[in-house]
Amino acid sequence: MPQLDSNQIQEILPHRWPFLLVDRITGYAPGQWAKGVKCVTVNEPFFCGHFPQHHVMPGVLILEALAQVGAVAVLTKPENQGKIALFGGIKEARFRAQVRPGDRLELSCTLVKEKGPVGIGEAVATVDGKVAARAMLTFAVET
């Protein structure tokens, strides 16, 4: 199963620190699915304000991390290489558990529908096998 380290991820995604939210891609099938990992540390810049006395990873950033993993699935298709995948929408987002420093956030996104440059991915984030968040993510590949 192909894997990608942080340098290889940056060859696919335009995101950079502090907004690249995926440390490793643990497997993927171009145009079908991708799985990745975010190792959450107390040194994340967002913890300065969310919340200084009770660190919790913001839900919107968990969704962004899921979208970045989904973008790897989309952008590794040969016809999409070198392009950018943009957020098109979020449906059915649910947050089930807090994500805190020290957690290993496992991210997966499976593409369930595609029509031209637009598609939908079913995304799930877990910590220790428990669902932290899930959502249906719509994306558009910039042409």
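To keep things clear, this report deals only with the structure shown in the data block. For every chain, the first residue of the written sequence is number 1, and numbering continues from 1 onward in sequence order. A pLDDT threshold of at least 70 governs which residues receive local features in this predicted model, and a stricter bar of 80 or more applies before side-chain atom pairs are shown or counted, although totals over entire chains, interfaces and linings include all residues. Side-chain measures were taken over the full set of non-hydrogen atoms in the model, leaving aside hydrogen atoms and water.

Moving on to the overall build of the protein. From N to C terminus, the protein includes 2 helices and 6 strands. For the protein, the succession of helices and strands along the chain, N to C, is α-β-β-α-β-β-β-β. Radius of gyration here is computed from C-alpha atoms only, and the compact-globule reference equals 2.2 Å multiplied by the residue count raised to the power 0.38. Here the protein has a C-alpha radius of gyration of 14 Å; the compact-globule value for 143 residues is 15 Å, and the two agree. Counting only C-alpha atoms and orienting by the principal axes, one finds that the protein spans roughly 45 × 30 × 25 Å. A total of about 7,700 Å² of accessible surface is found on the protein, and carbon and sulfur atoms cover 52% of it. Of the charged side chains in the protein, 15 are positive and 13 negative; the average position of the first set lies 6 Å away from that of the second. Comment: elements are numbered from the N terminus, with helices defined as DSSP H or I runs of at least four residues and strands as E runs of at least two. Shrake-Rupley sampling with a 1.4 Å probe provides the accessible areas, and residues are treated as covered by the protein chains on show and by no other component. Charge counting follows a simple rule: Lys and Arg are positive, Asp and Glu are negative, and His as well as the terminal groups are ignored. Charge placement uses NZ in Lys and CZ in Arg. For Asp and Glu, CG and CD serve respectively.

Here we take up the sheet that holds strand S5 (residues 118–127). Strand pairing is assigned whenever DSSP detects at least two bridges linking the two strands. Sheet architecture is open: 6 strands sit in the order S1-S2-S4-S5-S6-S3, paired in antiparallel fashion. Unpaired on one side and paired on the other, strand S1 (24–29) and strand S3 (85–95) mark the two borders of the sheet. Taken over all neighbouring pairs, the strand axes of this sheet differ in orientation by 20° on average, direction set aside. In this structure, strand S4 (residues 104–115) lies alongside S5, joined through 10 bridges in antiparallel fashion. By the bridge assignment, Leu 111 is partnered in S5 with Gly 121. Here a residue-residue contact requires only that any non-hydrogen atoms of the pair lie within 4.5 Å. Between N-to-C directions, angles span 0 to 180 degrees; the directions come from axes that are lines fitted to C-alpha atoms, helices contributing only their stretch in contact. Sitting on the sheet, helix H2 (residues 59–75) is in contact with S1, strand S2 (33–39), S3, S4, S5 and strand S6 (130–141), with an inclination near 55° to S4.

A word on the packing of aromatic side chains. Aromatic rings from Phe, Tyr and Trp, with only the six-membered ring used for Trp, were paired whenever their centres fell within 6.5 Å, and each pair was classed as stacked if the ring planes differed by under 30 degrees, edge-to-face if by over 60, and tilted otherwise. By the definition in use, this model includes 1 aromatic pair. Any Lys NZ or Arg CZ that is within 6 Å of a ring centre and within 35 degrees of that ring's normal is treated as a charge sitting over the ring. Across the ring face of Trp 33, the terminal group of Lys 35 is positioned such that the distance to the ring centre comes to 6.0 Å.

Here is a general trend for soluble globular proteins: nonpolar side chains tend to be buried in one another's company. With 40 residues, the main nonpolar core has Ile 25, Met 57, Ile 62, Leu 66, Val 99, Leu 105 and Leu 107 as its most contacted residues. Elements with a contribution of two residues or more to this core: S1, H2, S4, S5 and S6. Per-element accounting of this core gives the leading share, 12 residues, to H2. When residues no more than four places from it in sequence are discounted, the contact partners of Leu 105 are Gly 36, Val 37, Lys 38, Val 40, Met 57, Ile 62, Val 99, Ala 125, Thr 126 and Val 127. Throughout this description, the term nonpolar core refers to a set of buried Ala, Val, Leu, Ile, Met, Phe, Trp, Tyr and Cys residues connected via side-chain atoms within 4.5 Å. Only protein chains enter the accessibility calculation, which uses a 1.4 Å probe; a residue is then buried when its area is under 20% of its type maximum, exposed when over 50%, and partly exposed in between.

Scope: geometric values only; no functional claims are made or implied.
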